[in-house]
Amino acid sequence: MPHFRSLRRLFCAAAVLLSSLPVSAETFALPPPGQDLVGEVRITRARQSDTLLDIARVFNLGYEEIVRANPGVDRWLPGQDTHVILPNLLILPDAPRDGIVLNVPEMRLYYYPKPGQGETPVVITHPVSVGRMDWKTPLGKTRVIQKQADPPWYPPASIKAEHAQNGDILPDMVPGGPGNPLGRFALRLGIPGYLIHGTNKEYGIGMQVTHGCVRLYPEDIERLYSLVEVGTPVYIINQPVKVGRHFDGLYIEAHPAMNELSDGSSSPQALTLLNIAATAEQLSTELNPSAVQLALQQSDGIPLRISH
């Protein structure tokens, strides 16, 4: 049963058998300072009519996330009672725990709302779609400058030309409402032309398919829209490999790198290896080189303990 290989790498009690019912897996209490893991890996059983995409949406996962976590499962027809791994165990990105953090190669967004007095700090996380290779999502720090409900879409000339080549003539403006590619809600960023928005193509979430913007499931953007204020900082980062601590152990979570995000400097993986070595030395922790190599080789998005 090859799709259970990853379960051997999880710490105790991380796998839980569930029915195919929705779970609130996208909100987690923040771990204490010096700790970086949230959530858990679960297992669900597919119904005869399910695809992996159906299961991903129920459990707040993206397409690539669930496919990589289940390499032995047919994505279009898993089959009745097939066990499907739900990779809801996450290492928080190495970024400020403030506002919105978008890790592009992970295709996942993290939102850190400011807690009220006496409230437990939490992180809210959702899968997203990002720009494909010829329309890359830009990196850097920006902020939310506007919130729009039922936003109209003004296709730029480049997108209109692309559609025209396929015989699809786009209008100058697509009004808000059903059928609008931006969905019901949008957060406009300080980077001209870029938004965090919904979609009318839900099955593209968790894929590298957009023209640079960031798409969420309709239910996710509706919730995010209700919480995020204008002025919220947004950090767009490139961390295909994340390093984190959980109690006395050191873990890494690896995703395939997006080469088009490179700025010509050292690769994120090379920088991560340096970070791993420095962190292990700081913690006086002995690394398991085989575990490091396995995590980087598989790049399945499931955190793996790499310390003895």
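Look above for the structure.
Parameters and conventions
- Residues numbered from 1 in each chain as written.
- Predicted model: local features only at pLDDT ≥ 70, side-chain atom pairs only at ≥ 80, totals over all residues.
- Heavy atoms only, no water.
- Helix = DSSP H or I, 4+ residues; strand = E, 2+ residues; numbered from the N terminus.
- Buried < 20%, exposed > 50% of the residue type's maximum accessible area, 1.4 Å probe, protein only.
- Areas by Shrake-Rupley, 256 points an atom, 1.4 Å probe, with all protein chains shown as cover.
- Arc of directions from axis to C-beta.
- Core = buried A, V, L, I, M, F, W, Y, C linked by side-chain atoms within 4.5 Å.
- Polar contact = N/O pair within 3.5 Å; in protein donor to acceptor, adjacent residues only side chain to side chain.
- Contact = heavy atoms within 4.5 Å.
- Pairing = 2+ DSSP bridges.
- Axes fitted to C-alpha atoms, helices over the stretch in contact; angles between N-to-C directions.
- Salt bridge = Lys/Arg side-chain N within 4 Å of Asp/Glu carboxyl O.
- Phe/Tyr/Trp six-rings, centres within 6.5 Å; stacked < 30°, edge-to-face > 60°.
- Lys NZ or Arg CZ within 6 Å of the ring centre and 35° of its normal.

Novice: Sorry, what's going on with the overall build of the protein chain here?
Specialist: Along the backbone of the protein chain there are 6 helices and 17 strands. Taking all 308 residues of the protein chain together, 51% fall into the buried category. About 14,400 Å² of surface is accessible on the protein chain, with carbon and sulfur atoms providing 54% of the total.

Novice: Would you mind going over helix H4 (residues 218–227) with me for this structure?
Specialist: For H4, the full list of buried residues reads Asp220, Ile221, Leu224 and Tyr225. Taken around the axis of H4, the buried residues stretch over an arc of 130 degrees, which confines them to a single face.

Novice: Just checking my understanding: could you explain the environment of Asn238 for this structure?
Specialist: Tracing the backbone through its elements, the reader meets Asn238 in the loop between strand S14 (233–237) and strand S15 (241–246). With 19 residues separating them along the chain, Asn238 and Ala257 place their C-alpha atoms 8.5 Å apart.

Novice: What am I meant to see in the nonpolar core here?
Specialist: Soluble globular proteins tend to pack their nonpolar side chains together in the buried interior. Within the largest apolar cluster, 24 residues are counted, with the highest numbers of intra-cluster contacts made by Ile100, Leu109, Val128, Leu187, Ile196 and Leu224. Elements with a contribution of two residues or more to this core: strand S5 (99–103), strand S6 (108–112), strand S10 (185–189), H4 and S14.

Novice: Explain the side chain of Glu26 here, please?
Specialist: Looking at where Glu26 falls in the secondary structure, it is placed in the loop between strand S1 (17–18) and strand S2 (27–29). Overall, Glu26 belongs to the buried group, its relative accessible area being 14%. A distance of 3.1 Å separates polar atoms of two side chains, one belonging to Glu26 and the other to Arg223. Every residue in contact with Glu26, bar those within four places of it in the chain, is listed here: Asn60, Val123, Ile124, Thr125, His126 and Arg223.

Novice: I'm lost on the side chain of Asp36 in this one. Help?
Specialist: For Asp36, the position within the fold is in the loop between S2 and strand S3 (37–45). Within the structure, the side chain of Asp36 is placed 2.9 Å from the side chain of Arg97, a separation counted as a polar contact. A distance of 2.8 Å separates a polar side-chain atom of Asp36 from the backbone nitrogen of Arg245. Residues contacting Asp36, with those up to four places away along its chain left out, are Pro31, Leu90, Ile91, Leu92, Arg97, Gly244 and Arg245.

Novice: How do you make sense of the sheet that holds strand S11 (residues 195–197) when you look at a structure like this?
Specialist: As a general point, the strands of a sheet are linked pairwise by backbone hydrogen bonds and lie either parallel or antiparallel. Strand order in this open sheet of 9 strands is S2-S7-S6-S5-S14-S9-S10-S11-S13, and the pairing throughout is mixed. The sheet is open, and its two edges are formed by S2 and strand S13 (214–215), each paired on a single side. Both S10 and S11 contribute to a ladder of 3 bridges, which runs antiparallel. Across the sheet, residue Leu187 finds its bridge partner in S11, namely Ile196. Packed onto the sheet, H4 meets S2, S6, strand S7 (122–127), strand S9 (140–149), S10 and S11 and runs at close to 55 degrees relative to S10.

Novice: I keep staring at the pattern of salt bridges and nothing clicks. Help me out?
Specialist: Oppositely charged side chains are able to pair whenever their charged atoms sit close together. Considering all chains together, one arrives at 12 salt bridges under this definition. With a closest N to O distance of 3.1 Å, Asp50 and Arg47 form a salt bridge. Where salt bridges share partners, they join Glu106, Lys242 and Glu253 into one cluster.

Novice: Can you help me understand the environment of His197 in this one?
Specialist: The residue His197 is located in strand S11 in this model. Sequence separation between His197 and Lys147 is 50 residues; the distance between their C-alpha atoms is 9.8 Å. Beyond its immediate chain neighbours, meaning those up to four positions away, His197 contacts Pro181, Leu182, Phe185, Ala186, Cys213, Val214, Arg215, Leu216 and Ile221.

Novice: Help me understand unusual backbone geometry, please; the structure alone is not making it clear to me.
Specialist: The phi torsion of most residues other than glycine is negative, and most of the peptide bonds are trans. Residue Asn60 is not a glycine yet carries a positive backbone phi of 60 degrees. Structurally, Asn60 can be placed in the loop between helix H1 (52–58) and helix H2 (63–69). The backbone of Ser299 shows a phi angle near 45 degrees, a positive value even though the residue is not glycine. Residue placement: Ser299 occurs in the loop between helix H6 (289–298) and strand S17 (304–305).

Novice: Would you mind going over the sheet that holds S17 with me for this structure?
Specialist: Strands sit in the order S15-S16-S17 across an open sheet of 3 strands; the sheet is antiparallel. Two strands bound the open sheet, and with one partner strand each, they are S15 and S17. Judged from the 2 bridges that link them, strand S16 (residues 249–254) and S17 form a sheet pairing that is antiparallel. If you follow Ile252 over to S17, its bridge partner there is Leu304. The strands touched by H6 within the sheet are S15, S16 and S17, with S16 carrying the most contacts at an inclination of about 25 degrees.

Novice: Help me out: how do you make sense of the packing of aromatic side chains in this one?
Specialist: Two numbers describe a pair of aromatic rings. These are the distance of the centres and the angle of the planes. A complete count under the given rule lists 1 aromatic pair for this structure. The ring of Tyr225 has Lys147 lying over it, and the distance from NZ or CZ to the ring centre is 4.7 Å.

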